[in-house]
Amino acid sequence: MKKISFCINTTGKEKDYLELLLHSMETNFSNLDHELIIFIDSFRLQDSDNEDIHSWLLNRSFKFKDVNIIKNNLSVPIGYAPNINLMFEIAKYDIVSYIQSDMVVGEHYDTEILRHLKDENVIVSATRVEPSLH
């Protein structure tokens, strides 16, 4: 199986969501040899890392073999899109998947991505299912 770099962007108020996402990835992936990159952009005043996600991640036991945790140490936020660009630039593998930290993945998510990649010019987009809020 080809390896994928999975990139997750998070802030300081998303620990419960992030925990659900990581659990769904560790439970539903067919292969845990993929790269996992987590970027914490926690220096916005309104998004301060009040849940200490950085320490929690550093002390968490991951089933993934390759985990890269990045924390913004600047006094200003880097921003949503630049965070994603940074993660994509440092990704080890040619196949990169961005997952929001408040999502969960279904069974064999990694296998399904690879199954739908026909060539290097294809972009695969997963469906996001949300409850009706309005």
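Reference entry: report on the structure contained in this document. (Residues numbered from 1 in each chain as written. Predicted model: local features only at pLDDT ≥ 70, side-chain atom pairs only at ≥ 80, totals over all residues. Heavy atoms only, no water.)

## Let's talk about unusual backbone geometry
Residue His108 is not a glycine yet carries a positive backbone phi of 60°. One can find His108 in the loop between strand S4 (95-100) and helix H4 (109-116). (Helix = DSSP H or I, 4+ residues; strand = E, 2+ residues; numbered from the N terminus.)

## Quick notes on the pairing of strand S2 (residues 35-40)
Of all the six residues making up S2, six are buried; the element is thus mostly covered by neighbouring parts of the structure. Neither face of S2 is exposed, since Glu35, Ile37 and Phe39 on one face and Leu36, Ile38 and Ile40 on the opposite face are all buried. The sheet contact formed by strand S1 (residues 4-10) and S2 spans six bridges and is parallel. Opposite Ser5, over in S2, you have Glu35 as the bridge partner. In this fold, S1 hands off to helix H1 (residues 15-28), which returns the chain to S2; that crossover is right-handed. In terms of strand pairing, S2 meets strand S3 (residues 66-71) through six bridges, oriented parallel. The residue bridging Ile38 from the neighbouring strand is Ile69, located in S3. (Buried < 20%, exposed > 50% of the residue type's maximum accessible area, 1.4 Å probe, protein only. Pairing = 2+ DSSP bridges. Right-handed = clockwise from strand over helix to strand, strands pointing away.)

## A short note on the nonpolar core
With 25 residues, the main nonpolar core has Phe6, Leu22, Met25, Leu36 and Leu57 as its most contacted residues. With four residues, H1 is the single largest residue contributor to this core. If we skip the residues at most four places from it in the chain, Leu22 touches Ile8, Leu36, Ile38, Trp56, Leu57, Arg60 and Phe62. Ranked by size, the runner-up nonpolar core spans seven residues in total, among them Cys7, Phe39, Ile84 and Met87. (Core = buried A, V, L, I, M, F, W, Y, C linked by side-chain atoms within 4.5 Å. Contact = heavy atoms within 4.5 Å.)

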